[in-house]
Amino acid sequence: MKLIYQEDLMNIDWDEMRQVYQSVGWKKHTEEKIQTVFQASNAVVIVRTDKRIVGFGRALTDGVFNAAIYDIVVHKDFQGLGIAKRIMAHLLRKLEGISCIHLISTTGNEPFYKKMGFKKVKTGMARYLNSALAQEYLE
């Protein structure tokens, strides 16, 4: 299977993006919200076959000191093929030279990010408006 890696938002089908999110259980992401967060991101990677979008990732950065990686998502039918690893490689290449790169893993995916060179943060803190997310991710 040939995969195409796109690093811009030209000709993106936002409904296909929504379908990828929904395939992994992220049901609250509307096309409008997805478009908003991707357009606000400094670095994006969209992975497609010749027929459809199968994965993506995005990051925000100040270009010097800090960056944060978000939404490394691969459609459930395409998981286990190394696509997420390649998305991360593309993003890390785009963020090369940034002093500190943060990310928050979804529960259960921590080992994947450890393999990508990430470690737990001693002083990391967060707050969530959604109480279910707060309960899952906060101490």
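None of the values given here were measured: they were computed from a predicted structure.

**What about the overall build of the chain?**
Right, so step 1: Along its length, the chain carries five helices and five strands.
Right, so step 2: Counting from the amino terminus, the chain carries its helices and strands in the arrangement β-α-α-β-β-β-α-β-α-α.
Right, so step 3: For 139 residues, the compact-globule estimate of 2.2 N^0.38 gives 14 Å, and the chain sits close to it at 15 Å.
Right, so step 4: Taken across its 139 residues, the chain has 35% of its residues classed as buried.

**Regarding the environment of F65**
Right, so step 1: Mapped onto the elements, F65 comes out in the loop between β3 (53–61) and β4 (66–74).
Right, so step 2: Owing to a relative accessible area of 56%, F65 belongs among the exposed residues under this scheme.
Right, so step 3: With 34 residues separating them along the chain, F65 and S99 place their C-alpha atoms 4.7 Å apart.
Right, so step 4: Contact partners of F65, with chain neighbours within four places excluded, come to I98, S99 and C100.

**Looking at the sheet that holds strand β1 (residues 4–6)**
Right, so step 1: The mixed open sheet is built from five strands, whose spatial order is β1-β2-β3-β4-β5. One side of each edge strand has no neighbouring strand; the edge strands of this open sheet are β1 and β5 (100–103). This sheet shows a mean twist of 20° between the axes of neighbouring strands, independent of strand direction.
Right, so step 2: With four bridges joining them, β4 and β5 adopt parallel strand pairing. In the sheet register, I69 faces β5, and the bridge partner there is L103.
Right, so step 3: Sheet strands touched by helix α1 (residues 14–23): β2 (43–48), β3 and β4. Its angle to β3, the strand with the most contacts, is close to 95°.
Right, so step 4: Strand contacts of helix α3 (residues 83–94): β1, β2, β3, β4 and β5, with the helix running at about 160° to β4, the strand carrying the most contacts.

Conventions used here
Every chain's residues receive numbers from 1 upward, in the order its sequence appears when written. Only residues with pLDDT of 70 or above have their local features reported here, since the model is predicted, and side-chain atom pairs are shown and tallied only from 80 upward, although totals for entire chains, interfaces and linings are computed over all residues. Derived side-chain values reflect all non-hydrogen atoms in the structure, with water molecules and hydrogen atoms excluded from consideration. In this description a helix means any DSSP run of H or I spanning at least four residues, a strand means any run of E spanning at least two, and both kinds are numbered starting from the N terminus. Taken over C-alpha atoms, the radius of gyration is set against a globule rule of 2.2 Å times the number of residues to the power 0.38. A simple rule labels every residue: compare its accessible area, found with a 1.4 Å probe on the protein chains alone, to the largest value its type can have, and call it buried under 20%, exposed over 50%, or partly exposed in between. Note on contacts: a residue pair is in contact if any heavy atoms of the two residues lie within 4.5 Å. A strand pair is defined by DSSP finding two or more bridges across the two strands. Geometry is summarised by axes, namely lines fitted to C-alpha atoms with helices restricted to the contacting stretch, and by angles between N-to-C directions that run from 0 to 180 degrees.

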